[in-house]
Amino acid sequence: MNLQQATIADFEAILAFYDSVTDKTPDIAAYAQWQKGKHPTAESIRAYIEEGSMYLYKENDIVGAMALTMYQEAYYHGVEWAVDAPDDKVAVIHILGVSPDRQGEGLGAKMVLEAIRLAQEKGMKAVRLDATASNTPVQRLYERLGFECRGKQNLYAENTGWLDFCFFEFTIDENLT
């Protein structure tokens, strides 16, 4: 699999992709808590594109998308991580989505593995992410791929209000980079 970095020319297609994921994924409101227009937002997607953090998996159309930042934000500081690394040595996966027509084919796992590879290439020490505590299907995926749940936090998000999130970490073996 080869993820490609999104450009601003992809913006409208990415918005349509996330609208489709939000509209057509069974139980997305119960698991991921995504809401059309509220999360992910057009503003956040544009920001990810502009900073070079938005990645797409295309087969003619977009079948998968995610943001992969090469830094972590302050709300990640409240977790006891296995790897002690500065914010700019940690990659973080955000808004990972797979087309509803392609879910269950392993594309999400392939995208996460590609994110790990990209983080290794950039010299990151860990890949981290968060998932709502209710999103048990994606948590099982991350654990199967070698991520470890390092803690939970109750955080406020505009689309959900106060909600519990699980924080996951994949340690990058320096011998592999």
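Reference entry: report on the structure contained in this document. (Residues numbered from 1 in each chain as written. Predicted model: local features only at pLDDT ≥ 70, side-chain atom pairs only at ≥ 80, totals over all residues. Heavy atoms only, no water.)

## Quick look at the packing of aromatic side chains
On inspection of all chains with the given rule, the structure shows 11 aromatic pairs. For the cation-ring pair, Arg46 lies above Phe11, with the distance from its terminal atom to the ring centre recorded as 4.2 Å. (Phe/Tyr/Trp six-rings, centres within 6.5 Å; stacked < 30°, edge-to-face > 60°. Lys NZ or Arg CZ within 6 Å of the ring centre and 35° of its normal.)

## Looking at the pattern of salt bridges
Scanning all chains against the criterion turns up 9 salt bridges. For Arg102, the salt bridge is made with Glu59, and the minimal N-O distance between the two is 2.4 Å. With Arg102 in the loop between β4 (90-98) and α4 (107-121) and Glu59 in strand β2 (residues 54-59), the pair connects residues that are 43 residues apart, well separated along the chain. Taking the shortest distance from any N to any O, the salt bridge between Glu121 and Arg117 comes out at 2.2 Å. Of this pair, Glu121 and Arg117 both sit in helix α4, 4 residues apart, which is roughly one turn of that helix. Judged by relative accessible area, Glu121 falls into the exposed class, the value being 57%. Residue Arg117 is classed as partly exposed on the basis of its relative accessible area of 31%. Members of the salt-bridge network, linked through shared partners, are Arg128, Glu148, Arg150 and Glu169. (Salt bridge = Lys/Arg side-chain N within 4 Å of Asp/Glu carboxyl O. Helix = DSSP H or I, 4+ residues; strand = E, 2+ residues; numbered from the N terminus. Buried < 20%, exposed > 50% of the residue type's maximum accessible area, 1.4 Å probe, protein only.)

## Points about helix α1 (residues 11-24)
With 14 residues, α1 should reach 20 Å at 1.5 Å per residue; the first-to-last C-alpha distance of 20 Å fits that figure. Buried within α1 we find Phe11, Ile14, Leu15, Phe17, Tyr18, Val21 and Thr22. With its buried residues spanning 160° around the axis, α1 presents them on a single face. Residues of α1 that are exposed and point over 90 degrees away from its buried face: Glu12 and Lys24. On its buried side, α1 packs onto α2 (28-31), α3 (42-50), β2, β3 (61-69) and β4. (Expected span 1.5 Å × (residues − 1). Arc of directions from axis to C-beta. Contact = heavy atoms within 4.5 Å.)

## A look at the pairing of strand β7 (residues 161-171)
With 8 of 11 residues buried, β7 is to be regarded as a mostly interior element. With 7 bridges joining them, strand β5 (residues 126-132) and β7 adopt antiparallel strand pairing. Along β7, the bridge assignment pairs Val127 with Phe170. One ladder, built from 9 bridges, connects strand β6 (residues 148-157) with β7; its direction is antiparallel. Bridged to Leu155 within β7 is Leu163. (Pairing = 2+ DSSP bridges.)

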